[in-house]
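Commentary on secondary and tertiary structure
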Amino acid sequence: MSDEPNILNPEWDAEMADAPFRAKAMRAGARAGSHELGATLYEIEAGGAISPYHFHHANEELLIVLAGSPEVRTPGGRQRLAPGAVMAFARGEDGAHAVTNPGPEAARILLVSTMHFPDVAEHLDTGALLAITGQAAGKVFPAGSDVPFPDAVLSAIEAGNGDDAA
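Residues numbered from 1 in each chain as written. Predicted model: local features only at pLDDT ≥ 70, side-chain atom pairs only at ≥ 80, totals over all residues. Heavy atoms only, no water.

Turning our eyes to something else, we now look at the side chain of Arg31. Position of Arg31 relative to the elements: it lies in helix α1 (residues 28–32). A distance of 2.7 Å separates a polar atom in the side chain of Arg31 from a polar atom in the side chain of Asp13. (Helix = DSSP H or I, 4+ residues; strand = E, 2+ residues; numbered from the N terminus. Polar contact = N/O pair within 3.5 Å; in protein donor to acceptor, adjacent residues only side chain to side chain.)

Next comes the structure, spelled out in structure tokens:
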């Protein structure tokens, strides 16, 4: 790993060769020493994707198309982007998005984001929730696995009352 990341000559941190991803990623922000901003370079093969349709409660993202013609799904519909295009995704449901590459050539994008933790991301097509506690850390709650907040608090209190250490 070199000391200075270079998006023109990337050293890939992750290669997701299998469908639906078919993409490579370099965490350029982390490699450069950033703590409050994330910047990930993605190379998405034709037919690949980097994310399901989702939005974040705590973070906003900025997509910059470097090469190719990826497709972005937002609440306004699907849109093909050209090299040089810049698109922002606000936090909250209005910033929902998914990035895919219908092809025919590979697409390269830089995705910049704020890095506020904890964060909750909602996957709108599946209803899953992601509780994100740090870079690449957290828990996933599939649709239907959640419990009402008062019930969770009551269960936690009851579990704590059985503790003899108090």
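Past the structure itself, the notes keep going.
Attention now goes to the pattern of salt bridges. Under the counting rule described, the total for this entry stands at six salt bridges. Between Arg31 and Asp13 there is a salt bridge, and its shortest N-O distance comes to 2.7 Å. Here Asp13 lies in the segment before β1 (14–16) and Arg31 lies in helix α1, a separation of 18 residues in the sequence. A salt bridge links Lys24 to Glu43, with the nearest nitrogen and oxygen atoms 3.8 Å apart. With Lys24 in strand β2 (residues 23–27) and Glu43 in strand β3 (residues 37–44), this residue pair connects regions lying 19 residues apart in the sequence. Since its relative accessible area comes to 14%, Glu43 is described here as buried. Each of the salt bridges in this network shares a partner with another, and the network as a whole consists of Glu11, Asp13 and Arg31. (Salt bridge = Lys/Arg side-chain N within 4 Å of Asp/Glu carboxyl O. Buried < 20%, exposed > 50% of the residue type's maximum accessible area, 1.4 Å probe, protein only.)

All right, on to the side chain of Ser113 then. Within the secondary structure layout, Ser113 lies in strand β11 (residues 107–114). Excluding residues that lie within four positions of it along the chain, Ser113 makes contacts with Glu36, Leu37, Gly38, Glu60 and Glu61. (Contact = heavy atoms within 4.5 Å.)

Glancing now at the nonpolar core. The nonpolar side chains of a soluble globular protein tend to be buried with one another. Counting 15 residues, the largest nonpolar core has Tyr42, Ile44, Ile50, Leu63, Val99 and Ile109 as its most contacted members. The set of elements that each furnish at least two residues to this core consists of β2, β3, β6 (61–67), β9 (86–89) and β11. Each residue touching Ile109, except ones within four places of it in the same chain, is listed here: Thr40, Leu41, Tyr42, Ile44, Ile50, Leu63, Ile64, Val65, Leu66, Pro70 and Val99. The next biggest cluster of nonpolar side chains, apart from the first, holds five residues, and it includes Met26, Ala28, Ala39 and Leu41. (Core = buried A, V, L, I, M, F, W, Y, C linked by side-chain atoms within 4.5 Å.)

Another aspect to go through is the packing of aromatic side chains. For any pair of aromatic rings, the description consists of the separation of the ring centres together with the inter-plane angle of the planes. Under the counting rule described, the total for this entry stands at zero aromatic pairs. In this structure, Arg73 packs its charged tip against the face of Tyr53, placed 3.8 Å from the ring centre. (Phe/Tyr/Trp six-rings, centres within 6.5 Å; stacked < 30°, edge-to-face > 60°. Lys NZ or Arg CZ within 6 Å of the ring centre and 35° of its normal.)

Another point: the pairing of β11. Strand residues, when the strand is regular, have side chains that alternate between the two faces of the sheet. Taking burial as the measure, the eight residues of β11 include six buried ones, the bulk of the element. Across eight bridges, the pairing between β3 and β11 is antiparallel. Paired with Glu43 across the bridge in β11 is Arg108. In this sheet, β11 lies alongside β6 in antiparallel orientation, the contact comprising six bridges. If you follow Glu61 over to β11, its bridge partner there is Ser113. (Pairing = 2+ DSSP bridges.)

Each strand in a sheet pairs with another by means of backbone hydrogen bonds, the pair being arranged parallel or else antiparallel. In spatial order, the strands read β4-β10-β7-β8; together these four strands make up an open sheet with antiparallel pairing. Of all strands in the sheet, those bounded by a partner on one side alone are β4 (48–49) and β8 (77–80).

Here we come to the sheet that holds strand β12 (residues 119–123). Ordered by their spatial adjacency, four strands build an open sheet running β5-β12-β13-β14, and the pairing between neighbours is antiparallel. What marks the edges here is a single partner per strand, and that holds for β5 (54–56) and β14 (137–141). Ignoring which end each strand starts from, the neighbouring axes of this sheet average 20 degrees apart. Pairing of β5 with β12, which is carried by three bridges, proceeds in the antiparallel orientation. (Axes fitted to C-alpha atoms, helices over the stretch in contact; angles between N-to-C directions.)

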